[in-house]
Amino acid sequence: MEFFRSHIIKIPLLLLIVTGITFFVWPREDRKQAGESVSVLLMSLRADTDNQEVQNKIHSLRGEQGDIPGLLRKASDIIGQHQDDFTLPVDEGGATNDDIYNTLLLKWTLYQQESLTDSVMIVDRQVQVPVASEKEDKSLWNQVTSTVQFVVGAYSRLGEAIDYIRMILRPLAGGISINAP
């Protein structure tokens, strides 16, 4: 029995840590699909050439996992090596990898916005403006009355809060304890 008492907190804490590490290491859905979505973007930017080497590189990018900026860097390297096979608005001779990466990042943002707007449901807006309510009476008597009502309501809620705090601080004041000294 002494073994269970000494390990009663250690075992759940260890299980909680192992569960947290498992959730951290387990691949999420967005990490699995990142390489595939970047490769789809590259396929849409390809020109009509049938270069098998470019297709193999794009296909190898499809299986990779990781963050989007890293995958876009790899994609910009592929485009930099084969600029004539892609229709990207950069200078063919003087474009650096950073220029290609920035253009590809812009294209990626636009591609993501297009895919989000395709999946968004269109909501009909109201044609008519709702009727405005009558103007509030801003006389002194109404302001004093509303202030008094607010103070009385706050005072009644304050009493309930104090009673609740007392109950939390002394939860077993009227109960019987097992194994009492």
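Residues numbered from 1 in each chain as written. Predicted model: local features only at pLDDT ≥ 70, side-chain atom pairs only at ≥ 80, totals over all residues. Heavy atoms only, no water.

S.K.: Before we go on, may I ask you to explain the pattern of salt bridges in this structure?
M.R.: Side-chain pairing between opposite charges can occur once the charged atoms of the two side chains come close. A complete count under the given rule lists two salt bridges for this structure. Across the pair Lys57 and Glu53 runs a salt bridge whose closest N-O atoms are separated by 3.7 Å. Residue Lys57 and its partner Glu53 are both found in helix α4 (residues 52-62); the two are separated by four residues, about one turn of the helix. Judged by its relative accessible area of 43%, Glu53 falls in the partly exposed class. (Salt bridge = Lys/Arg side-chain N within 4 Å of Asp/Glu carboxyl O. Helix = DSSP H or I, 4+ residues; strand = E, 2+ residues; numbered from the N terminus. Buried < 20%, exposed > 50% of the residue type's maximum accessible area, 1.4 Å probe, protein only.)

S.K.: Could you clarify how one ought to interpret the nonpolar core in this entry?
M.R.: When a protein is soluble and globular, its nonpolar side chains tend to lie buried together. Counting 20 residues, the largest nonpolar core has Val38, Leu42, Ile79, Phe86 and Leu104 as its most contacted members. Contributing elements (two or more residues each) for this core: α3 (29-45), α4, α5 (68-81) and α6 (97-119). (Core = buried A, V, L, I, M, F, W, Y, C linked by side-chain atoms within 4.5 Å.)

S.K.: In this structure, what is going on with the packing of aromatic side chains? I would like to understand it.
M.R.: The description of an aromatic ring pair uses the distance of the two centres, along with the angle that the planes make with each other. Per the stated rule, a full pass over the model turns up one aromatic pair. Judged by centre distance (5.9 Å) and plane angle (40 degrees), the rings of Trp108 and Tyr111 are tilted. One end of the pair is Trp108 and the other is Tyr111, both in helix α6 and three residues apart, which spans about a single turn. Note on Trp108: relative accessible area 9%, which makes it buried. Taking the relative accessible area as the measure of exposure, Tyr111 reaches 25% and is therefore partly exposed. Across the ring face of Tyr101, the terminal group of Arg73 is positioned such that the distance to the ring centre comes to 3.8 Å. (Phe/Tyr/Trp six-rings, centres within 6.5 Å; stacked < 30°, edge-to-face > 60°. Lys NZ or Arg CZ within 6 Å of the ring centre and 35° of its normal.)

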